[in-house]
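Residue-level listing of the chains:
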Amino acid sequence: MLRDDVLALLRQREGEPLSGEAMSRTLGVSRAAVWKAMETLRQEGYEISSAPRRGYWLERSPDLLSPGELSRPDRRVGRELVCLDQVDSTNNEIKRRAVGEVPDGLTVVAGEQTGGRGRRGRSFVSPPWKGLYLSALLKPDCPLGEVPALTAWSAVAVCDAIEELCGVRPGIKWPNDVILEGRKLCGILTELELEAETAALRYVVVGIGVNISQTEADFGPEVAPVAISLAQALGRAPRRAEVARALLDSLDRLYAGFPQQREGWLARYRADCLTVGKQVRVLSGAGEREGAALGVEEDFSLRVAWKDGGEEVLSSGEVSVRGLLGYV
């Protein structure tokens, strides 16, 4: 849509004036068409100033999610961007669109999920206009065995984005829960799609849900004690578009370095990991056991010393950490 193209140009100028003539040349449309796009944006709540011989510039934006708000031409993740008011799940929407050939970095962003999903089949509370729900399709050029590490890398990328935007850095409960003030701020769900005949990787979907402006009432009585939003932690809620732009930039940096920069991302993951050094309870197919988390291995697995003796390296399983998310 021309409206998105005009908004993207205004955003790229960061408040500096841009003439209608320059925009019409860049976009290959008439100045009248540019003016109509400006009026559409103003009707949606965008404050756009203008002056003769100077042009247009963006003063203030409503809290809307659109390609014009979020796109950036030099970014691979989100270069093709779909913004929806409501969807069952952004991961599901990506997979529906990926039935045919789809571009690397395709990203779906939604204002609400009616069927948000977390790990182990849990639901992810996704009320309208309160959080950011985003999924990106990636086609990494690497051995299949490297791909599971994307989950851990993504948790670091979320921490980077939150710190860059809000000035506070969350931590990570192994393997990928993003934690702020002892409660869950963000959930991450990665899903792989393999070729039926060769079992080669077709793509991986990284799904991320960030709590932005939820209150205790939005979370509900069961979730509220273990969840937190940026508004609750900071006393204010950043615009969803600001969070989305920061997250897309961070994911793009992740993707540019995957998997070659593994050592650097591993070091940062270890620094962010809140699980190491804590008493843990592990639920797996073998049952429930307690122990102490000793460290994160080179492949991002977790080494645990069991309370009843012996050590084990975990690549999966439900790990509760004493002192986090209601485990006392």
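Residues numbered from 1 in each chain as written. Predicted model: local features only at pLDDT ≥ 70, side-chain atom pairs only at ≥ 80, totals over all residues. Heavy atoms only, no water.

### Looking at the sheet that holds strand β5 (residues 131-138)
- Taken in spatial order, the 7 strands line up as β3-β4-β5-β9-β8-β7-β6 in an open sheet, and their pairing is mixed. The strands lining the two open edges of the sheet, one partner per strand, are β3 (81-84) and β6 (171-173). On average, adjacent strands in this sheet sit at an angle of 20° to one another, irrespective of strand direction.
- Helix α5 (residues 90-97) rests against β3, β4 (107-110), β5, β8 (183-194) and β9 (201-211) of the sheet, and its axis sits at about 30° to β5.
- Where helix α6 (residues 149-166) meets the sheet, its contacts fall on β5, β6, β7 (177-180), β8 and β9, and the angle it forms with β8 comes to roughly 140°. (Pairing = 2+ DSSP bridges. Helix = DSSP H or I, 4+ residues; strand = E, 2+ residues; numbered from the N terminus. Axes fitted to C-alpha atoms, helices over the stretch in contact; angles between N-to-C directions. Contact = heavy atoms within 4.5 Å.)

### So, a nonpolar patch on the surface
- There is a patch of nonpolar side chains on the surface, built from Leu144, Leu192 and Leu194 and spanning about 240 Å² of accessible area.
- Within the fold, leucine 194 resides in strand β8. (Patch = residues over 30% accessible without salt bridge, like charges linked within 9 Å, V, L, I, M, F, W, Y side chains within 5 Å. Areas by Shrake-Rupley, 256 points an atom, 1.4 Å probe, with all protein chains shown as cover. Salt bridge = Lys/Arg side-chain N within 4 Å of Asp/Glu carboxyl O.)

### Considerations on the sheet that holds strand β13 (residues 311-314)
- In spatial order, the strands read β13-β12-β11-β10-β14; together these 5 strands make up an open sheet with antiparallel pairing. Each edge of the open sheet is held by one strand with a lone partner, namely β13 and β14 (318-321). Neighbour to neighbour, the strand axes of the sheet diverge by 40° on average, direction disregarded.
- The pairing of strand β10 (residues 279-284) with β14 spans 4 bridges and is classified as antiparallel. Its bridge partner being in β14, leucine 283 is matched across the sheet by glutamate 318.

### Quick look at the layout of surface pockets
- Of the voids in this model, the second largest pocket is the one considered here, and its volume is about 540 Å³.
- Together, 30 residues line the second largest pocket, and Pro148, Ala149, Thr151, Pro175 and Ser315 are the ones closest to its centre.
- When residues of the lining of the second largest pocket are traced back to their parent elements, those giving at least two are α6 and β8.
- Across the lining of the second largest pocket, the residue classes tally to 15 nonpolar, 8 polar and 7 charged. (1 Å grid on protein atoms, 1.4 Å probe; cavity = no way out; pocket = protein on both sides within 12 Å on 5 of 7 lines; lining within 4 Å. Points joined across faces, edges and corners; volume = space filled by probe spheres on them. Nonpolar A, V, L, I, M, F, W, Y, C, P; charged D, E, K, R; others polar.)

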